[in-house]
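Structural overview for review
The lines below spell out each chain.
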Amino acid sequence: MSDEITVQQGFPDELRSSAAELYDAAFGAKLAIAMPNPISRVAVLKTGFNPEFSFVAMRDGEMVGIAGFKTVLGALTGGISFRVLKDEIGLLGAIRAVLVLALFQRNLVAGQLLMDGIGVSPNMRGNGIGTKLLHSLIEYAKTEGYRSIRLDVIDTNPAARRLYERVGFVPEKTKQFAYLKWLLDFGSATQMKYSPVAQS
């Protein structure tokens, strides 16, 4: 058994369940607002993921980390359509989910890669996996000619913000959600940016 952690772009179909469960472990509380049932939620992710828009960390054949991204060509979560939602959670559930998920939508900017979530297995945190995934995204952005990488971090996740700052992300602006805190369970989100050209 090896402790080596490797990072690759994308994942095969047989790892869709692992990817969905890993993503849900990181974002389940947030996604539960739109899709309360965890079994249905994971099923939606499993079906709706576009693997090519991700980097995953692997250890002994097990997925231990995932970082999604979004470009004009697609996104890790880009396949979560109304049809997928309706098939898994029914018509009324799908309508609710679409309305709630719309609150989290972020527009793309030309020349910018948008992060679509990053998560690490709970039992593997503290091993630098998040840093490895971020560096892989940065190298990809440089290779593909993106001028910057953008992400949003919520005020209830200070550990994630510290990680992003260590890697070189810089806060740009903070959006307040005080009027929706009862629903979203967080009060603000800070937009952060990394400029590969400037940092290299």
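Model, not experiment: these values are computed from the prediction.

Let's shift gears to the overall build of the protein. Scanning the protein for helices and strands turns up seven helices and eight strands. Since a compact globule built from 200 residues should have a radius of gyration of about 16 Å, the 16 Å found for the protein is in line with a globular shape. Principal-axis analysis of the C-alpha atoms places the extent of the protein at approximately 50 × 45 × 30 Å. Across the 200 residues in the protein, those meeting the buried criterion constitute 46%. Contacts in the protein between residues at least 24 apart in sequence constitute 70% of all its contacts with a sequence separation of at least 6. Element-wise, carbon and sulfur atoms account for 52% of the exposed surface of the protein, whose accessible area totals about 10,400 Å². Between the mean site of the 22 positive side-chain charges and the mean site of the 19 negative ones, the protein shows a separation of 8 Å.

The next thing to look at is the confidence of the model for the protein. When pLDDT is averaged across the protein, the result is 88; 91% of the residues are at 70 or more. By mean pLDDT, the top-scoring element of the protein is strand E2 (residues 54-59) (97), and the lowest-scoring one is helix H6 (residues 181-184) (54).

Right, let's get into the environment of Ala160. Note that Ala160 resides in helix H5 (residues 158-167). For the pair Ala160 and Ile118, spaced 42 residues apart in the sequence, the C-alpha separation amounts to 9.4 Å.

Positionally, Thr47 belongs in helix H2 (residues 38-48). For Thr47, a relative accessible area of 46% corresponds to the partly exposed category. Residues Thr47 and Arg16, 31 residues apart in the sequence, show an inter-C-alpha distance of 7.9 Å. Not counting residues up to four positions away in its chain, the partners in contact with Thr47 are Arg16, Val84 and Glu88.

Here we take up helix H3 (residues 82-101). For H3, which comprises 20 residues, the first-to-last C-alpha distance of 11 Å sits more than 12% below the rise-based estimate of 28 Å (1.5 Å per residue). If you check which residues of H3 are buried, you get Val84, Leu85, Ala94, Ala97, Val100 and Leu101. Buried residues in H3 make contact with helix H1 (16-31) and H2.

Here the focus is the pairing of strand E5 (residues 112-120). Of all nine residues making up E5, nine are buried, and the element is well covered by its neighbours. With five bridges joining them, strand E3 (residues 62-71) and E5 adopt antiparallel strand pairing. If you follow Ala67 over to E5, its bridge partner there is Ile118. Here E5 pairs with strand E6 (residues 148-154) via three bridges, running parallel. From the neighbouring strand, Leu113 faces E6, where its bridge partner is Ile149. Taken together, E5, helix H4 (residues 129-144) and E6 form a β-α-β motif whose crossover is right-handed.

Our next topic: the packing of H4 against H5. The interhelical angle for the contact between H4 and H5, taken along N-to-C directions, is 50°, at an axis separation of 10 Å. Viewed along their axes, H4 and H5 adopt a mutual orientation that is oblique. Crossing hand, H4 versus H5: right-handed. Counting all contacts with H4, which are made through Gly130, Thr131, Leu134, His135 and Ile138, the residues of H5 involved are Leu163, Tyr164 and Val167. Here the contact of H4 with H5 is composed, by residue class, of five nonpolar, three polar and no charged.

This paragraph deals with the pattern of salt bridges. Should the charged atoms of two oppositely charged side chains come close, the side chains can pair. Applying the stated rule across the entire model yields six salt bridges. Residue Arg16 is joined to Asp13 by a salt bridge in which the shortest nitrogen-to-oxygen separation is 3.0 Å. Across the pair Glu172 and Lys193 runs a salt bridge, and its minimum N-O distance is 3.4 Å. One end of the pair, Glu172, is in strand E7 (residues 170-176); the other, Lys193, is in strand E8 (residues 188-194), and 21 residues separate them in sequence. On the accessibility criterion, Glu172 (43% relative accessible area) is partly exposed. Given the relative accessible area of 26%, Lys193 is considered partly exposed.

Definitions and limits used
Residues numbered from 1 in each chain as written. Predicted model: local features only at pLDDT ≥ 70, side-chain atom pairs only at ≥ 80, totals over all residues. Heavy atoms only, no water. Helix = DSSP H or I, 4+ residues; strand = E, 2+ residues; numbered from the N terminus. Rg over C-alpha atoms; globule rule 2.2 N^0.38 Å. Buried < 20%, exposed > 50% of the residue type's maximum accessible area, 1.4 Å probe, protein only. Contact = heavy atoms within 4.5 Å. Areas by Shrake-Rupley, 256 points an atom, 1.4 Å probe, with all protein chains shown as cover. Lys, Arg positive; Asp, Glu negative; His and termini not counted. Charge placed at Lys NZ, Arg CZ, Asp CG, Glu CD. pLDDT = per-residue confidence, 0-100. Expected span 1.5 Å × (residues − 1). Pairing = 2+ DSSP bridges. Right-handed = clockwise from strand over helix to strand, strands pointing away. Axes fitted to C-alpha atoms, helices over the stretch in contact; angles between N-to-C directions. Parallel < 35°, antiparallel > 145°, perpendicular 65-115°, else oblique. Left-handed = near helix turned anticlockwise from the far one by under 90°. Nonpolar A, V, L, I, M, F, W, Y, C, P; charged D, E, K, R; others polar. Salt bridge = Lys/Arg side-chain N within 4 Å of Asp/Glu carboxyl O.

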